[in-house]
Every structure is written in structure tokens, then in C-alpha cells.
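Chain and residue survey
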Amino acid sequence: MLRGNKELWVAFIVMVMITTLYGVVLFFTREIPPASELFGHGIGIVGFVFMLLTETLYSLRKRTRSVKWGRMSTWLQLHIFTGLVGPYMVLLHTSWKFNGIAGATTLLTIIIVVSGFIGRYIFTRIPRTLDGLEIEGTLSQEALKQARRLMALWHTVHIPIGMALFISAFVHVGAALYYATFLK
Ligand code: HEM
Ligand code: HEM
């Protein structure tokens with residue numbers, strides 16, 4: 001079960017801290033941090049690592065039920081935390097320019113975050129134990145069936161968007177490193 005909004009609040013506080021740091025860099029350098037220089041590049045790399053963790057960790061834990069490393073609900077909270085903070089850092093990395101494949105990657109990133117919120121909303125409609133297993137009986141059967149169907153449909157949209165996102169991100173990273181970093 002995903003109780004309360006704790007992970008959303010923690011993510012929000014961390015995002016405020018990152019924004020403050022961004023503001024300090026902006027103040028001292030008097031320019032929008034460029035995507036290819038120390039701060040802008042660094043925040044892009046760390047944000048991307050967070051996004052990779054979002055894509056992999058929860059799915060891995062979900063599929064290894066024999067080894068119980070922490071509750072599913074905690075892993076989902078971590079998924080949501082890194083799934084918000086990572087994209088936010090990547091957004092600050094863009095230097096507010098959205099050309100070509102990098103722009104398309106940003107768009108896919110925004111879409112997956114919005115889709116995540118929709119999934120979170122449907123997910124919390126289905127009653128579960130702390131370990132994420134569904135519980136029968138709390139909701140009327142019809143409503144429960146509908147929520148499950150919606151969740152399944154949501155998965156068929158959310159997962160391919162994630163894959164498209166990482167393919168385009170790797171193309172961007174390869175091209176950016178080649179043209180903007182190594183050829184300099
Ligand atoms: C999902 C993750 C990422 C997204 C959405 C993203 C997005 C962007 C965007 C929108 C730009 C600006 C493009 C423009 O000038 O119009 C940019 C620039 C850049 N990005 Fe990323 N980025 C991501 C991850 C990374 C990572 C991990 C690296 C490095 C390892 C990286 C390296 C760069 C570099 C070097 C530039 C500057 C390119 C130049 O000055 O021409 N990016 N990125
Ligand atoms: C970089 C951003 C994100 C990526 C790449 C991503 C990727 C994924 C993937 C691959 C899954 C499928 C897990 C599985 O069934 O194996 C998933 C599930 C899920 N994600 Fe995300 N996600 C992101 C952000 C978010 C955000 C921001 C939220 C909430 C606000 C969210 C909420 C969920 C929920 C509720 C599930 C369903 C859990 C389940 O059915 O067990 N995600 N995500």
C-alpha cells in the first residue's frame with residue numbers, strides 16, 4: 001500500500017534545494033548554466049542516473065519476490081522520488097533549449113512523469129498489503145475490476161514510453177558527448 005504523500009513532499013523539498021543551488025550558480029555566473037559546462041553537465045548526468053534507477057530498481061524488486069529486500073511500497077516510494085527529482089535535474093540541465101533529439105527526449109521525460117502521476121492515482125485506488133499484494137473486498141468488486149483494467153491499460157502505455165525515452169536519451173548522450181565534449 002502507498003500511504004500518504006510522503007515521497008512527493010520529500011521530492012518537493014529536494015527540488016526546492018536544487019532550485020536554490022541553481023539560483024546561486026545563476027547569480028554568481030550571471031548566465032543560465034550551459035548544458036555542456038560543469039554545473040549544467042553535472043546536473044544532467046546525476047539526473048540521468050536517477051532516471052536509470054527509476055527505470056530499473058522497482059521493476060527488479062517487483063520480479064524478485066523470493067528475495068525480500070524491503071517492502072514493495074518503499075521501493076515504489078523510491079521510484080517516485082527518483083522519478084521526480086531525476087527529470088527535474090535533467091530539465092535544469094537543458095539550459096531551456098529544446099532542439100532536435102534532446103528536445104524530443106525532454107518531451108518524453110515530461111510525458112512519463114505526467115503518466116506516472118496518473119498511474120499513481122489509479123494504483124492507490126486498488127487496496128493492497130504493505131508488500132504490494134492486492135486485497136479483495138474493501139471496494140465493490142465492479143469498481144475493483146475497473147481499477148485493475150485501467151492499471152493494466154496504463155502499463156501498456158507507460159512502459160513503451162519509458163523505453164522510447166531511454167533510446168532517445170542514449171542517442172542524445174552519444175551525440176552530445178561526441179560533438180560537444182570530445183570534439184571541443
Ligand atoms: C534524459 C536525459 C537528458 C535530457 C532530456 C537532456 C536534454 C538536453 C537538452 C534539451 C539539451 C539542449 C539542447 C539544445 O541546445 O537545444 C541538452 C544539451 C546537452 N546535453 Fe543533455 N539531456 C539529458 C542527459 C544528458 C547526459 C546524461 C549528458 C552527458 C553525459 C548530456 C549531455 C549534454 C550536453 C554536452 C549538452 C550540450 C550540447 C551542446 O552544447 O551542443 N545530456 N540536453
Ligand atoms: C523517469 C521517470 C519514470 C520512469 C522511467 C518510470 C518507469 C516505470 C516503469 C518501467 C514502470 C513499470 C514497473 C513494472 O511494472 O515493472 C513504472 C511503474 C510505475 N510508476 Fe513509474 N516511471 C517514472 C516516473 C514515475 C513517477 C513520477 C511516478 C508517480 C508520480 C510513477 C509512478 C509509477 C507507478 C504508480 C507505477 C506502477 C507500479 C506497479 O504497477 O507496480 N513513475 N514506472
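In this report, the structure presented in the accompanying data block is examined. Just so it is clear, the structure is predicted and the values come from calculations on it, not from any experiment.

1. What to know about the site of ligand 2
The environment of ligand 2 is made up of 25 residues, and the closest members are Tyr58, Ser59, Arg63, His79 and His158. The contact in question runs from an oxygen atom of ligand 2 to an N or O atom on the side chain of serine 59, over 2.9 Å. A distance of 2.8 Å separates an oxygen atom of ligand 2 from a polar atom in the side chain of arginine 63. Elements supplying a minimum of two residues to the shell around ligand 2: α2 (38–63), α3 (72–93), α4 (100–125) and α5 (141–182).

2. Details of the coordination of the iron atom of ligand 1
Octahedral six-donor coordination of a metal ideally yields angles of 90 or 180 degrees, compared with 109.5 degrees for tetrahedral four-donor coordination. The iron atom of ligand 1 binds to the protein through His93 (NE2) and His172 (NE2), with metal-donor distances spanning 2.0 Å. Look at histidine 93 and you get buried, because its relative accessible area is 15%. Residue class for histidine 172 comes out partly exposed when judged on its relative accessible area of 23%.

3. Focus on the side chain of serine 115
Looking at the secondary structure, you find serine 115 in helix α4. For serine 115, a relative accessible area of 10% corresponds to the buried category. Excluding its chain neighbours within four sequence positions, the residues that come into contact with serine 115 are Trp154 and His158.

4. What about the site of ligand 1?
Around ligand 1, the surrounding shell holds 23 residues, and the nearest of these are Val90, His93, Lys97, Asn99 and His172. Separating a nitrogen atom of ligand 1 from a side-chain N or O atom of histidine 93 is a distance of 2.8 Å. Here asparagine 99 contributes a side-chain N or O atom positioned 2.8 Å from an oxygen atom of ligand 1. Those elements giving two or more residues to the shell around ligand 1 turn out to be α2, α3, α4 and α5. Classifying every residue of the shell around ligand 1 gives 12 nonpolar, 10 polar and one charged.

5. Concerning the pattern of salt bridges
In this structure the tally under the stated criterion is one salt bridge. As a salt-bridge pair, glutamate 7 and arginine 120 come within 2.9 Å of each other at their nearest N and O atoms. Residue glutamate 7 is found in helix α1 (residues 6–29), and its partner arginine 120 is found in helix α4; the two are separated by 113 residues along the sequence. Arginine 120 shares its class with glutamate 7; the two are buried.

6. Describing the nonpolar core
Ranked by internal contacts, the top residues of the largest apolar core, which has 32 residues, are Ile18 and Val85. The set of elements that each furnish at least two residues to this core consists of α1, α2, α3, α4 and α5. If we ignore the near neighbours within four places in the chain, the residues touching valine 85 are Ala11, Val14, Met15, Ile18 and Phe50.

7. Comments concerning the coordination of the iron atom of ligand 2
Of the protein atoms, His79 (NE2) alone serves as a donor to the iron atom of ligand 2, at 2.1 Å. Mapped onto the elements of the fold, histidine 79 is located in helix α3.

8. Overview of the environment of glutamate 37
With respect to the element layout, glutamate 37 can be found in the loop between α1 and α2. The exposure class assigned to glutamate 37 is partly exposed, which follows from its relative accessible area of 41%. Counting along the chain gives 59 residues from glutamate 37 to tryptophan 96, while the straight-line C-alpha distance between them is 14 Å. If we skip the residues at most four places from it in the chain, glutamate 37 touches Glu31 and Gly42.

Reading the values: the criteria
Residue numbers restart at each chain and count upward from 1, following the sequence in its written direction. Chain letters start at A and ligand numbers start at 1, both assigned in the order the entries are written. Given that this is a predicted model, residues contribute local features only at a pLDDT of at least 70 and side-chain atom pairs are listed and counted only at 80 or more, while totals for whole chains, interfaces and linings are drawn from all residues. No hydrogens and no water enter the side-chain calculation; it runs on all heavy atoms of the structure. Whether a residue is near a molecule or strand is decided by its heavy atoms; if any one of them lies within 4 Å of it, the residue is near. Two N or O atoms form a polar contact when they lie within 3.5 Å of each other; inside protein one atom must be a possible hydrogen donor and the other a possible acceptor, and for residues adjacent in sequence the pair counts only when both atoms belong to side chains. By definition, any uninterrupted DSSP run of H or I lasting at least four residues is a helix, any uninterrupted run of E lasting at least two residues is a strand, and each is numbered from the N terminus. Think of the donor list as every N, O and S atom within 2.8 Å of the metal, or within 3.2 Å for Na, K and Ca; water never makes the list, so a site can look incomplete. Only protein chains enter the area calculation, which uses a 1.4 Å probe; residues under 20% of their type maximum are buried, those over 50% are exposed, and those in between are partly exposed. In this description, contact between two residues means that some pair of their heavy atoms is separated by no more than 4.5 Å. Each residue is assigned to one of three groups, with Ala, Val, Leu, Ile, Met, Phe, Trp, Tyr, Cys and Pro labelled nonpolar, Asp, Glu, Lys and Arg labelled charged, and all others, Gly among them, labelled polar. What makes a salt bridge here is a side-chain nitrogen of Lys or Arg within 4 Å of a carboxyl oxygen of Asp or Glu, nothing more. For this analysis, a nonpolar core means a set of buried residues of the types Ala, Val, Leu, Ile, Met, Phe, Trp, Tyr and Cys, connected via side-chain atoms within 4.5 Å.

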